[in-house]
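Descriptive analysis of the structure
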Amino acid sequence: MWLTNSSIGRKLVMAITGACLILFVTFHVLMNAVAIFWPAAYNEICNFLGANWYALVASAGLAALFIIHIIYAVWLTVQNRKARGNSRYAVVSKPPQVEWASQNMLVLGIVIVAFLVVHMIQFWAKMQLAEIMGCHGEIPPQAGTLFIDAAFSCWVTPVVYIIGFVALWFHMTHGFWSMFQSAGWDNNIWMPRLKSIGNWWATIVVGLFIVQAVVFTINAHNGTYRNCPALQEQYREFKSEGKNAVLVEECSACPESAVPQCCQNK
Ligand code: HEM
């Protein structure tokens with residue numbers, strides 16, 4: 001098939017999956033903002049999504065996008081290196097107009113995947129996966145703010161996240177204009193504009209993620225999500241709704257602890 005057999009087809013697949021992932025991270029950062037301004041509403045959204053069929057379809061689609069994007073990235077990199085052969089090592093200095101990010105997209109992608117592994121263990125495994133399995137820890141899977149609290153109580157979390165966010169910024173700034181180029185929209189008027197839009201978009205999204213990580217860390221250390229009476233009432237409701245769920249100690253299938261040791265006593 002053209003999308004797999006030709007180099008331009010493969011680039012187009014990268015561009016389409018990349019565009020969907022940019023939309024996803026934009027949606028995600030806006031959703032996190034709800035946790036800052038209206039924590040109880042954020043938990044209601046987590047409750048509404050949970051492991052319901054529509055959330056599972058969206059998660060499966062998202063996972064497919066990530067997997068296709070990663071497989072094609074490795075494929076294109078191997079193909080490019082083969083095409084360049086030994087000349088890859090012959091060029092020591094690169095022209096200044098070749099950006100650092102464009103030379104390091106694969107490495108940046110690997111840093112983002114490493115961040116995602118930590119992130120999925122801290123959140124997805126304990127929320128959606130735990131609900132699918134029908135077993136969870138002391139925290140009910142709908143209580144998103146308590147998972148934020150558990151993760152950001154530990155200083156390691158904001159450090160790991162900010163490293164991931166910086167890699168995401170470089171990856172997005174290059175990926176944004178590159179996807180338009182792959183789709184054939186490549187001219188002297190629009191390319192500088194697209195680069196500028198991409199820089200702004202990535203800076204706003206990543207800037208908001210960084211601010212959120214800082215606010216969540218401060219809130220976690222102040223006990224904001226643990227001590228608020230309205231939130232405590234909501235947690236009790238979630239617990240009583242899920243009273244048939246098995247606690248994690250009784251269920252070997254559940255990932256027992258992704259919260260670092262220093263945060264487990266919270
Ligand atoms: C301050 C930063 C962030 C926080 C607090 C945060 C929080 C969360 C939470 C609470 C969930 C829900 C888990 C569930 O219901 O299953 C989630 C899911 C997810 N997050 Fe994040 N996130 C952050 C940044 C990011 C970034 C930068 C990315 C991507 C590069 C990302 C990718 C994902 C993915 C792929 C999922 C799974 C979505 C699904 O199952 O449909 N997150 N995140």
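These remarks concern the structure in this document. (Residues numbered from 1 in each chain as written. Predicted model: local features only at pLDDT ≥ 70, side-chain atom pairs only at ≥ 80, totals over all residues. Heavy atoms only, no water.)

Before going further, it helps to spend a moment on the overall build of the protein chain. Regarding its fold elements, the protein chain presents twelve helices and two strands. In the protein chain, the succession of helices and strands from N to C terminus is α-α-α-α-α-α-α-β-α-α-α-α-α-β. Evaluated residue by residue, the protein chain yields a buried proportion of 39% over its 266 residues. Counting contacts in the protein chain only where the partners sit at least 6 residues apart, residues at least 24 apart contribute 79% of the total. Put simply, the protein chain shows about 14,900 Å² of open surface, and 69% of that area lies on carbon and sulfur atoms. (Helix = DSSP H or I, 4+ residues; strand = E, 2+ residues; numbered from the N terminus. Buried < 20%, exposed > 50% of the residue type's maximum accessible area, 1.4 Å probe, protein only. Contact = heavy atoms within 4.5 Å. Areas by Shrake-Rupley, 256 points an atom, 1.4 Å probe, with all protein chains shown as cover.)

For the rest of this paragraph, the subject is the site of the ligand. Around the ligand lies a shell of 22 residues, among which H28, N32, Y42, S59 and H119 are the nearest. Contact distances for the ligand include 2.8 Å between a nitrogen atom and a side-chain N or O atom of H28. S59 places a side-chain nitrogen or oxygen 2.8 Å from an oxygen atom of the ligand. Sorting the residues of the shell around the ligand by element identifies α2 (7–37), α4 (53–84), α7 (105–133), α9 (156–182) and α10 (190–222) as the ones contributing at least two each. In terms of residue count, α7 provides more of the shell around the ligand than any other element does, eight residues in total. (Near = heavy atom within 4 Å. Polar contact = N/O pair within 3.5 Å; in protein donor to acceptor, adjacent residues only side chain to side chain.)

Moving on, we get to the coordination of the iron atom of the ligand. At the metal site, the iron atom of the ligand is ligated by H28 (NE2) and H119 (NE2), and these contacts range over 2.0 Å. Classification of H28 by relative accessible area gives partly exposed; the value is 21%. The class of H119 is buried, set by a relative accessible area of 13%. (Donors = N, O, S within 2.8 Å, 3.2 Å for Na, K, Ca; no water.)

Moving on to the nonpolar core. Counting residues in hydrophobic clusters, the biggest one holds 41 residues, and the most contacted among them are Y42, F123, I148, F152, F165, M172 and F209. Listing elements by their share of this core, those giving two or more residues are α2, α3 (39–49), α7, α8 (144–152), α9, α10 and α12 (229–241). By size, the runner-up hydrophobic cluster in this structure holds five residues, among which are V13, M14, Y72 and A73. (Core = buried A, V, L, I, M, F, W, Y, C linked by side-chain atoms within 4.5 Å.)

The subject of this paragraph is the pattern of salt bridges. Taken as a whole and judged by the stated rule, the model has three salt bridges. In this structure, E138 engages K239 in a salt bridge whose closest nitrogen and oxygen atoms are separated by 3.8 Å. Within this pair, whereas E138 is found in the loop between β1 (135–136) and α8, its partner K239 is found in helix α12, the two being separated by 101 residues in sequence. The partner of R236 in a salt bridge is E233, and the shortest N-O contact between them spans 3.3 Å. (Salt bridge = Lys/Arg side-chain N within 4 Å of Asp/Glu carboxyl O.)

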